[in-house]
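# Coordinates in review
Listed here are the chains, written in short residue letters.
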Amino acid sequence: MTRRRGFLLGFLVVALLVAGGLSYFASSSPDGLDTVARHGCQVSETGGGEHLDGTCIAQNAGEHAAAHSPLADYSVLGGKGTVGIAGVVGVLVTLALAGALFRVLGRRSPARQAERGDD
Amino acid sequence: MVTMVTAMHMSDGLVNAPTSLVFGAVALVVLVLCLVRARADLDERTAPMAGLVTAFVFAVQMINFPILPGASGHLLGGALVAILVGPWVGTVCIAIVLLVQALLFADGGLTALGTNITNMAIIGVFTGYGVALLLRRVARRSRGGLVATAFVAAFVNTVVASLGFVLEYAVGGSGGASLGTVFALMVGLHALIGIGEGVITAATVGAVVAVRPDLVYLLRGTATPLVRRSAPSTPTAGGAA
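Notes on the structure follow. (Residues numbered from 1 in each chain as written. Chains lettered and ligands numbered in written order. Predicted model: local features only at pLDDT ≥ 70, side-chain atom pairs only at ≥ 80, totals over all residues. Heavy atoms only, no water.)

## Some words on the overall build of chain B
Scanning chain B from N- to C-terminus turns up eight helices and three strands. Walking chain B from its N terminus toward its C terminus, one meets helices and strands in the order β-α-α-β-β-α-α-α-α-α-α. Put simply, 76% of the contacts in chain B that link residues at least 6 apart link residues at least 24 apart. By element, 72% of the accessible surface of chain B is carried by carbon and sulfur atoms, the whole surface being about 8800 Å². (Helix = DSSP H or I, 4+ residues; strand = E, 2+ residues; numbered from the N terminus. Contact = heavy atoms within 4.5 Å. Areas by Shrake-Rupley, 256 points an atom, 1.4 Å probe, with all protein chains shown as cover.)

Quick look at the structure:
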């Protein structure tokens, strides 16, 4: 295996481990923006989600148009304990999209003739 | 009364429709410019790197770390991508992550894509890159200098990106909190998140520069990089040349 491929493969493995494994240990508390949006409201858990009482920005939030996507909320079909699978799918989809776009853009690059790779 | 699901980015409805539209247009115009300029930074060596950096940011954004009881933060990635693949490619990287999150994972509203891209991709990346450029002499001097630059650039990119939301809320917020409260809370929380962003960015850039300093955008054009390839370059038996 060439050095370059070794490095890129290592990078991918790290991303897959983070999304597929470390994601189980992520905090489930609201993030910074979400915390601000909920400021002023009392949040109570209900069967279908969270209920907000009081006055806060998050009360204006609408339901997500893709809320019924099979991967919504980083789960597979809403199943418990599927965040890692959703994460791995996300990494691969992102890589496929970005990889294809950047390859196409690179082909039209003026820098293409500059160097023919080092491996 | 409303039920909502946990989201990491702005949901639909936090700002009014005209504001969403304006920032959607801003995001679109800047993204097209970035796509055009990105071509010059992409070749067969850097394009795969850019793809992987994008996937890596998606992965790390999933990892919310606690900052206060009941509050968390996650990587935005602006300085990270700016230092590794440059501002033009980097902005596209973050935009792709946000697009995948919104369309597949219902994270970040569809009408909020413009504001989310403006904040995290455009403001975040270019702020991170600006700070990294200011510190470039330090960054190019040693590996430690680059890692320190990464930390500072990431911290600043987080706080400034959070101001993007404050701006959008000021322009067309749907209400629910005073602007002063929103400003103070956003900056305060994101100063804490910025420390996490700094640590993750410094660690990632440090790892890349240890193995492949030639792939670090900020170090491009360095005549004799002090940061040498230190990885054991063991040619595998019969390996391809």
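After presenting the structure, the write-up continues.
## Description of the pattern of salt bridges
Per the counting criterion, the structure on display carries four salt bridges over all chains. Note that Asp34 of chain A is salt-bridged to Arg38 of chain A, the shortest N-O span being 3.5 Å. Placement of both Asp34 of chain A and Arg38 of chain A in helix H2 (residues 32–38) is noted, with a separation of four residues, approximately one turn of the helix. Asp214 of chain B serves as the salt-bridge partner of Arg212 of chain B, at 2.6 Å between the closest nitrogen and oxygen. The class for Asp214 of chain B is partly exposed, based on a relative accessible area of 25%. Taken together, the shared-partner salt bridges in this structure form one network comprising Arg45, Arg212 and Asp214 of chain B. (Salt bridge = Lys/Arg side-chain N within 4 Å of Asp/Glu carboxyl O. Buried < 20%, exposed > 50% of the residue type's maximum accessible area, 1.4 Å probe, protein only.)

## Points about the packing of aromatic side chains
Counting across every chain of the model gives eight aromatic pairs over all chains. Pairing Tyr74 of chain A with Phe105 of chain B gives two aromatic rings, centres 4.8 Å apart and planes at 15°, and the pair type is stacked. A residue pair is termed interchain when its members come from two chains, as with Tyr74 of chain A in the loop between strand S2 (49–54) and helix H3 (83–107) and Phe105 of chain B in helix H4 (residues 87–105). The buried category is assigned to Tyr74 of chain A, whose relative accessible area is 12%. Look at Phe58 of chain B and Phe105 of chain B: their rings are 5.4 Å apart centre to centre, the planes differ by 45°, and that puts the pair in the tilted class. With a gap of 47 residues between them, Phe58 of chain B in helix H2 (residues 46–61) and Phe105 of chain B in helix H4 connect regions that are remote in the sequence. The exposure class assigned to Phe105 of chain B is buried, which follows from its relative accessible area of 0%. Pairwise contacts between aromatic rings join Phe7 and Phe11 of chain A together with Phe56 of chain B into one cluster. (Phe/Tyr/Trp six-rings, centres within 6.5 Å; stacked < 30°, edge-to-face > 60°.)

## Some points on the interface of chain A and chain B
Contact with chain A, which involves 73 residues of that partner, is made by 84 residues of chain B. For the interface between chain A and chain B, the tally reads zero salt bridges. The tally of links from chain A across to chain B stands at twelve residue pairs in polar contact (both at pLDDT 80 or more). Listing elements by their share of the side of chain A that touches chain B, those giving two or more residues are helix H1 (3–20), H2, S2 and H3 of chain A. (Polar contact = N/O pair within 3.5 Å; in protein donor to acceptor, adjacent residues only side chain to side chain.)

## Some details on helix H3 (residues 78–85) of chain B
Residues and elements named next belong to chain B. The element H3 is largely enclosed, with a buried count of eight among its eight residues. When H3 is considered as a whole, its buried residues turn out to be Gly78, Ala79, Leu80, Val81, Ala82, Ile83, Leu84 and Val85. Packing partners of the buried residues in H3 comprise H2, H4, helix H5 (113–134), helix H7 (143–172) and helix H8 (179–211). Residue Gly86 follows H3 closely and has a positive phi angle near 90°.

## What to know about unusual backbone geometry
Negative phi is the rule for most residues except glycine; trans is the rule for most peptide bonds. Residues and elements named next belong to chain A. The phi torsion at Asp73 lies on the positive side, around 60°, for a residue other than glycine. You can see Asp73 is positioned in the loop between S2 and H3. When its relative accessible area of 36% is taken as the criterion, Asp73 is described as partly exposed. The backbone phi angle of Tyr74 is positive, close to 55°, even though this residue is not glycine.

## Side note on the side chain of Ser11 of chain B
By the secondary structure assignment, Ser11 of chain B is in the loop between strand S1 (3–4) and helix H1 (17–38). Beyond its immediate stretch of four places on either side in the chain, Ser11 of chain B contacts Ala61 of chain A together with Gly109 and Ala112 of chain B.

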